[in-house]
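What follows is the residue order along each chain.
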Amino acid sequence: MAIIGVVSSQRRGFFPEPIAAKVPEITLLFWVIKILTTCGGEAVSDYLALGNRVIGGFIETGLVIIALVWQFRTRRYVAAAYWALAYAIAIFGTGVSDALHLFVGIPYTGTTLLWAVVLALIFWLWYRTERTLSIHSIYTRRREMFYWAVVFATFALGTALGDFTATVLHLGYLASGIMFFLIILIPAFGWWRLGLNSVVAFWFAYVVTRPLGASFADYFGRPHSLSGANFGSGRVAVIVAIAVAILVGYLAVTRHDIQRPDERQAGRFATVSDDVVGR
C-alpha cells in the first residue's frame, strides 16, 4: 500500500515523475533526425530573423515552452514529444546564440567559449549529482532536466562554433560543414574500433551534430554574398520540417527507438501492477 501511495503521488502534479526512459534508443535514424533538427532549427531561426526580431523571439520562446510542457508531461518516451522539444530547442538555441552576438556584441570567439564553458559546467553538475551521464539513465525528472539543459547548451554552442569557423576562420559554410562531418567520424570510429567509452562517444558526436547541421543549413539558406547557395532559409526550413515529420511519424508507428529498460529501471515499480503504473 505504501508503494502504491508513492506511485500515486508521483502521478500527481503538473510534471509527473517518469516511469520509463524519456529518451530514444540510439540508432542510425536517431542521428539522421538529430542532424536534420539542427539544420531546421538554424533555418527557422534565420527565417524568423528576416522579419521583426522581437516577434521572432516571442515565437521561438513560445515554441520551447509548449514543447517543454508536452515532453515533461509524458511519463515515458514519446517520439513526437521528444523530437518536438529537440526541434524547438534547436530554433531557440540558435536565436539566443545569435542575439548574444548581434545585440550584446560578443564576438563569435567569445560566444563559442561562453557556451563551451556553460556546457562543461552542466556536464559537471550532472555527473556530480547523478554519478552518470548515460542516456540510458534518463528515467527520473531531475536527470531529464540535466539532459535537456545539455541539449540546449549544445545547440547554442554549435551555432556559435559554426559561425566562428565560417566567418572568423574564413572557411565558409560548406567547408565548415565538411570539416564537422569529418570530425563526427572520430567518435564513431573510436567507439567502433578503439574501445572509446560509449557515453563519451555519444556526447562527443552529439555536440558536433549541431555545427554540422547548422553549417549545411547556412550554406543552403544564405545568399551567394555570404558563401551560401542562396536557396533561402524559408525553403530549407520547410523541406527539413517535412523530412523530420515523416521520420518521426515512422518511429511513432514502428516504435523501433524504444529503449529496453535496464535492471534498475525495470525494478522501480516491480511491485505495482501494470494497470496502476500505466495510467
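Quick caveat, the model's predicted, so the values are computed rather than measured.

In this structure, what is going on with the overall build of the protein? I would like to understand it.
A tally of helices and strands in the protein yields eleven helices and zero strands. Counted from the first residue to the last, the protein has its helices and strands arranged as α-α-α-α-α-α-α-α-α-α-α. Relative to its 279 residues, the protein shows a buried fraction of 47%. Here the contacts in the protein between residues at least 6 apart in sequence split such that 75% fall between residues at least 24 apart. Of the roughly 13800 Å² of accessible surface on the protein, 70% is carried by carbon and sulfur atoms.

How do you make sense of the nonpolar core when you look at a structure like this?
Proteins that are soluble and globular tend to have nonpolar side chains buried together. Counting residues in hydrophobic clusters, the biggest one holds 58 residues, and the most contacted among them are Y82, W83, W126, Y147, W148, W203 and Y206. Contributing elements (two or more residues each) for this core: α2 (28–49), α3 (53–73), α4 (79–102), α5 (108–130), α6 (141–168), α7 (172–193), α8 (198–221) and α9 (233–254). In this structure, Y82 is in contact with K22, V23, P24, F30, Q71, Y77, Y147, W148 and Y206, ignoring residues within four places of it in sequence.

Mind showing me how you'd approach unusual backbone geometry here?
Keep in mind that most residues, glycine aside, have a negative phi and that most peptide bonds are trans. One non-glycine residue, R131, adopts positive backbone phi at about 65 degrees. Structurally, R131 is set in the loop between α5 and α6. You can call R131 exposed: its relative accessible area is 55%. Look at R255: it is not a glycine, yet its phi comes out positive at around 60 degrees. Assignment of secondary structure puts R255 in the loop between α9 and α10 (263–267).

What is the right way to read the pattern of salt bridges from this model?
A side chain of one charge can pair with a side chain of the opposite charge when the charged atoms of the two come close. Taken as a whole and judged by the stated rule, the model has seven salt bridges. Salt-bridge contacts for R142 lead to E130; the nearest nitrogen and oxygen are separated by 2.5 Å. Placement of the pair is R142 in helix α6 and E130 in helix α5, with a sequence separation of twelve residues.

Please clarify how the packing of α4 against α9 should be interpreted in this entry.
Relative placement of two packed helices is described by the angle separating their axes and the distance separating the axes. Packing of α4 against α9 leaves a shortest axis separation of 9 Å and a crossing angle of 155 degrees. Accordingly, the angle class assigned to the pair α4 and α9 is roughly antiparallel. Crossing angle aside, the handedness with which α4 passes α9 is right-handed. Across from A79, A80, W83 and Y87 in α4, the residues of α9 making contact are A237, V240, A241, V244, V248, L251 and A252.

Help me understand α7, please; the structure alone is not making it clear to me.
Along an α-helix, a turn takes 3.6 residues, which lines up residues three or four apart on a common side. The terminal C-alpha atoms of α7 lie 32 Å apart, and with 22 residues this matches the ideal 32 Å at 1.5 Å per residue to within 8%. Buried within α7 are the following residues: G172, Y173, S176, G177, F180, I184, P187 and G190. Those residues of α7 that are buried lie in contact with α6 and α8. The first or second residue beyond α7 is G195, which carries a positive phi of 75 degrees.

Looking at this structure, how should I read the packing of aromatic side chains?
Two aromatic rings, taken as a pair, are described by how far apart their centres are and by the angle between their planes. What the rule picks out here adds up to 22 aromatic pairs. Between F15 and F72, the ring centres sit 6.0 Å apart and the planes meet at 75 degrees, which makes this aromatic pair edge-to-face. Placement of the pair is F15 in the loop between α1 (2–11) and α2 and F72 in helix α3, with a sequence separation of 57 residues. On the basis of relative accessible area, F72 is assigned to the buried category, the value being 10%. Judged by centre distance (5.1 Å) and plane angle (50 degrees), the ring pair of Y82 and W148 falls under tilted. Taken as a pair, Y82 in helix α4 and W148 in helix α6 lie far apart in primary sequence, 66 residues in all.

Just to check I follow, could you spell out the side chain of R222 for this structure?
Along the chain, R222 turns up in the loop between α8 and α9. Classification of R222 by relative accessible area gives buried; the value is 18%. Within the local environment of R222, its side chain forms a polar contact with the side chain of Y173, the two groups lying 2.7 Å apart.

I would appreciate a short explanation of the packing of α6 against α8 in the present structure.
Taken N-terminus to C-terminus, the directions of α6 and α8 make an angle of 45 degrees; their axes are 8 Å apart at the nearest point. Taken together, the axes of α6 and α8 lie oblique to each other. Read as a crossing pair, α6 and α8 show a hand that is right-handed. Residues Y147, V150, V151, T154, F155, L157, G158, T159, L161, G162 and D163 of α6 form the contact with α8, whose own contacting residues are W203, Y206, V207, R210, P211, S215 and D218. Among the residues forming the contact of α6 with α8, the class breakdown is ten nonpolar, five polar and three charged.

Cut-off values and rules
Residues numbered from 1 in each chain as written. Predicted model: local features only at pLDDT ≥ 70, side-chain atom pairs only at ≥ 80, totals over all residues. Heavy atoms only, no water. Helix = DSSP H or I, 4+ residues; strand = E, 2+ residues; numbered from the N terminus. Buried < 20%, exposed > 50% of the residue type's maximum accessible area, 1.4 Å probe, protein only. Contact = heavy atoms within 4.5 Å. Areas by Shrake-Rupley, 256 points an atom, 1.4 Å probe, with all protein chains shown as cover. Core = buried A, V, L, I, M, F, W, Y, C linked by side-chain atoms within 4.5 Å. Salt bridge = Lys/Arg side-chain N within 4 Å of Asp/Glu carboxyl O. Axes fitted to C-alpha atoms, helices over the stretch in contact; angles between N-to-C directions. Parallel < 35°, antiparallel > 145°, perpendicular 65-115°, else oblique. Left-handed = near helix turned anticlockwise from the far one by under 90°. Expected span 1.5 Å × (residues − 1). Phe/Tyr/Trp six-rings, centres within 6.5 Å; stacked < 30°, edge-to-face > 60°. Polar contact = N/O pair within 3.5 Å; in protein donor to acceptor, adjacent residues only side chain to side chain. Nonpolar A, V, L, I, M, F, W, Y, C, P; charged D, E, K, R; others polar.

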